[in-house]
Amino acid sequence: MVDTAPGNRPASNDVATSIDKPPIIYRQFLWTRITHWIWAVAIFFLLLSGLQIFNAHPTLYIGKQSGFDFSNEVLAIGSEDTASGPVGYTRILGERFNTTGVLGVSVLDDTPTPRGFPPWATIPSYQDLGTGRVVHFFFAWVLVITLLGWLFGSVINGHLRRDLAPRAIDMRALPGDILNHLKFRFHHTREYNTLQKLAYGGVLFVVMPLIILTGLTMSPSMDSIVPFIADLFGGRQTARTIHFCMMLLLVFFFIVHMLMILAAGPINELRSIITGWYRIDAPSEPIETKEAETR
Amino acid sequence: MSRFELSRRTFLTSAAVGGSGLLLASCNVFDSLDRDGSVRDVLESANNLTYRVHRALSNRDALAEEFTEADIRQPQRPNGTTDPDDEDYKALAANNFADWRLEVGGLVEKPLSLSLSQLQAMPSRTQITRHDCVEGWSCIAKWTGVPLGLILDDAKPKPSAQYVVFHCMDTIDQDLSGSIKYYGSIDLIDARHPQSILAYGMNGRSLPVENGAPLRVRVERQLGYKMPKYVRKIELVDSFANIGMGHGGYWEDNGYEWYGGI
């Protein structure tokens, strides 16, 4: 848990300045960086093995059980034979969309084949529920252990309190921060901006607990250990639906996360999550100088 | 000033390039996770961890949730074999299973051979439970049968017995040596769990063929593939080495985890 990088703790006074470049500061703890990359790997495998598992029964329901003789379906991916060949469809809350080629029907070796998510989105690429489960549950353990280790370390090293917890001043800055993001105007500071705090906090303290707990709810053994957990989420099939929705939120977070890195300066952003060092904006020039020039 | 400045146009271009790169990253890179590689062994070790943690957290007799009659909203969805094509099975079914016997053997003091009417004369348990399939769906039904613990009490397992293996009558697969019959296994903790029953009744009627007549296993804290149908023999063993491909069940021989509590 002890940080070995220079300066021992990231603080804005660890500044390496030179005449012509804005200052570089030590921004990310080693522990933050290690856990970040373990999550990245774990979530990659969890997502693709999860889609493999989903493909075994690509329908989601609300309630305790799956409606076969009654309807409690909220999403279904399926295929249908037509005169012009198989058609893949996705039905969301009863509304049907043709998704041939991506969802419902994939083209495998030039042959349209019924399949939920396409081969490029699953591990393994072919249908193999058993292997998908083996991969999924291994990385589920990796994710949960890393999250607990991160939480413990981040309480100790102050990352949680100082960097992630939104303060009153952050909330007051929220409208201006949203505007900055919309205008692609990024400020590089040691502190996270308000939207970053909300996004990272939301993923770590809302989406992660929900996706883990709904995952556990799908285990019949866990349901006997924690008898109220299935009812808490409105039944096992609702828990499965929530698990899927949290996955969609994580994918959405990942896409925005990547776009923001590209927009804010990928080299600098990547350096800070790999080495810990981050170039912040140069302090704005003193007003006296400007006044001196105009005079 | 060497700051990385980005126009909207550059941003959108790089985003599009990055996005398409992700799409192209096809995942058949990971298709080499074949059944018996060392990477596979590491990944599968997580199942053993799950099993141990569940057993450590769980009271031995912690019950699976039981539901009410109002929750039975549809017939039990059948899966796997639903109409065995085996001649011996069809002959037994034609006679309403009057000639069928449940054999109990292996590591027991007193091997048993029980008819359906003998099983039905034993104390029974009825429970409305949720069947969770490994595929992801659930279905609630009412099951009636003999607690497996009572059968074990009669047969008296030897101290060396570790697992209960269920041998079935239905052919689930073919290989070079002939037909493969379904089989599966559980540990003695699940075997003696109060809700573990050998069910001959479902939703108030006798067990239908598609759901495993004349007798199927209910192990309510595990997934459906751990509850064999069309059972003909119960064998107590200390190892799976000499059964099937040695992994403790038909699906286990095909890459599924032996512990199906998750």
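Within each chain, residue numbers correspond to sequence positions counted from 1 in written order. Labels are handed out in written order, letters beginning with A for the chains and numbers beginning with 1 for the ligands. In keeping with the model being predicted, local features are shown solely for residues with a pLDDT of at least 70 and side-chain atom pairs are shown and tallied solely at 80 or more, while totals for entire chains, interfaces and linings include all residues.

(A) Expanded view of the overall build of chain A. The helix count covers DSSP runs of H or I at least four residues long, the strand count covers runs of E at least two residues long, and both are numbered beginning at the N terminus. Broken down by element type, chain A carries ten helices and nine strands. Residues with at least 20 other C-beta atoms within 10 Å of their own are called buried, those with 12 or fewer are called exposed, and the rest are partly exposed. The C-beta atoms themselves are positioned from the backbone. Taken over 295 residues, chain A has a buried fraction of 33%. Pairs at least 24 apart in sequence give 58% of the contacts found in chain A among residues at least 6 apart. What counts as a contact here is a pair of residues whose C-beta atoms, placed from the backbone, lie within 7 Å.

(B) Molecular detail of the interface of chain A and chain B. Between chain A and chain B, the contact holds 47 residues from the first and 52 residues from the second. At the level of secondary structure, the elements contributing two or more residues to the side of chain A that touches chain B comprise helix H1 (30-55), helix H2 (129-156), helix H6 (220-225), helix H8 (236-264) and helix H9 (266-274) of chain A. For the side of chain A that touches chain B, the element with the most residues is H2 of chain A, which contributes nine residues. Charged residues are taken to be Asp, Glu, Lys and Arg, nonpolar residues to be Ala, Val, Leu, Ile, Met, Phe, Trp, Tyr, Cys and Pro, and polar residues to be all remaining types, Gly included. Taken together, the residues of the side of chain A that touches chain B sort by class into 26 nonpolar, 13 polar and eight charged.

(C) Seen up close, the domain arrangement of chain A. All names here are of chain A. Boundary definitions for the domains trace back to an automatic or database domain assignment. For chain A, the assigned domains are domain 1 (15-57 + 125-288) and domain 2 (63-116). A separation of 31 Å is found between the C-alpha centroids of domain 1 and domain 2. In this complex, domain 1 contributes seven residues to the contact, which on the side of domain 2 involves seven residues. Contributions of two or more residues to the side of domain 1 that touches domain 2 are made by H1 and H8. In terms of residue count, H8 provides more of the side of domain 1 that touches domain 2 than any other element does, four residues in total. Taken together, the residues of the side of domain 1 that touches domain 2 break down into one nonpolar, five polar and one charged.

(D) Inspection of the environment of Asn180 of chain A at higher detail. Residues and elements named next belong to chain A. In this structure, Asn180 sits in helix H4 (residues 168-182). C-beta crowding within 10 Å serves as the criterion here: with 16 such atoms nearby, Asn180 is assigned to the partly exposed category. Sequence-wise, Asn180 and Ala168 are twelve residues apart; in three dimensions their C-alpha atoms are separated by 19 Å.

(E) Up close: the confidence of the model for chain A. Residues and elements named next belong to chain A. Known as pLDDT, the predictor's confidence for each residue is given on a scale from 0 to 100. Across chain A, the average pLDDT comes to 89, with 89% of residues at 70 or higher. Within chain A, strand E3 (residues 59-61) carries the highest mean pLDDT (98), whereas helix H10 (residues 287-294) carries the lowest (41). In this model, residues 1-14 is a region of pLDDT below 50 whose contacts with residues beyond four sequence positions or in other chains number 25 contacts. Here residues 286-295 is modelled with pLDDT under 50, and outside its nearest four sequence neighbours on either side it reaches one contact, counting other chains as well.

(F) Geometry of the packing of H1 of chain A against H2 of chain A. Residues and elements named next belong to chain A. A fitted line through C-alpha atoms serves as each axis, taken over the contacting stretch for helices, and the angle formed by two N-to-C directions is quoted from 0 to 180°. Put simply, H1 and H2 touch, their axes get as near as 8 Å, and they point 155 degrees apart. The orientation of H1 with respect to H2, classified from their angle, is roughly antiparallel. The two elements H1 and H2 meet at a crossing, and its hand is left-handed. Residues of the contact of H1 with H2, tallied by class, amount to 15 nonpolar, nine polar and one charged. Roughly parallel covers angles under 35 degrees, roughly antiparallel covers those over 145, roughly perpendicular covers 65 to 115, and oblique covers all other angles. In this scheme the crossing of two helices becomes right-handed for a clockwise turn of the near helix relative to the far one and left-handed for an anticlockwise turn of less than a right angle.

(G) Quick peek at the environment of Val39 of chain B. Examined against the element boundaries, Val39 of chain B turns out to sit in helix H2 (residues 38-57). For the pair Val39 of chain B and Ala94 of chain B, spaced 55 residues apart in sequence, the C-alpha to C-alpha distance is 49 Å.

(H) Molecular detail of the nonpolar core. For the purposes of this analysis, a nonpolar core is taken to be any set of buried Ala, Val, Leu, Ile, Met, Phe, Trp, Tyr and Cys residues that are connected through C-beta atoms within 7 Å. In this structure, Ile151, Val164, Phe166, Cys168, Leu198, Ala199 and Val231 of chain B are the most contacted members of the largest nonpolar core, which totals 49 residues. Elements with a minimum of two residues in this core: helix H3 (87-94), strand E1 (101-106), strand E4 (138-147), helix H5 (148-155), strand E5 (163-175), strand E6 (178-187), strand E7 (197-202) and strand E10 (231-237) of chain B. Among the elements that make up this core, the one with the highest residue count is E5 of chain B (six residues). Ignoring any residue separated from it by four or fewer positions in sequence, one finds Val164 of chain B in contact with Ser185, Ile186, Leu188, Ala191, Ile234 and Leu236 of chain B. Residues Phe45, Ile123 and Phe138 of chain A together with Leu43 of chain B belong to the second largest nonpolar core, which totals 19 residues.

(I) Local environment of the sheet that holds E3 of chain A. All names here are of chain A. Spatially, E3-E4-E5-E6 is the arrangement adopted by the four strands of the open sheet, whose pairing is antiparallel. The open sheet has two edge strands, E3 and strand E6 (95-98), and neither has a second partner. In this sheet, adjacent strand axes meet at a mean angle of 25 degrees when their direction is disregarded. Here strand E4 (residues 73-82) pairs with strand E5 (residues 85-92) via eight bridges, running antiparallel. The residue of E5 that forms the bridge with Ile77 is Thr90. Most of the contacts of H8 go to E3, to which it runs at about 120 degrees, and overall it touches E3 and E4. Strand pairing is assigned whenever DSSP identifies at least 2 bridges connecting the two strands.

(J) Local environment of H8 of chain A. All names here are of chain A. End to end, H8 covers 41 Å across 29 residues, agreeing with the expected 42 Å (1.5 Å per residue, within 8%). Of the residues making up H8, those classed as buried are Arg236, Gln237, Thr238, Ala239, Arg240, Thr241, Ile242, His243, Met246 and Ala263. In the segment just after H8, Gly265 is the residue with positive phi, at about 115 degrees. By this rule the span expected of a helix is its residue count minus one, scaled by 1.5 Å.

(K) How the structure looks around the pairing of E4 of chain B. All names here are of chain B. Among the ten residues that make up E4, ten are buried, leaving the element largely enclosed by the rest of the structure. Here strand E3 (residues 125-132) hands over to E4 after five residues, with Gly136 in that stretch at a positive phi of 125 degrees. The pairing of E4 with E7 spans five bridges and is classified as antiparallel. Following the sheet pairing, Thr144 is matched in E7 by Gly201.

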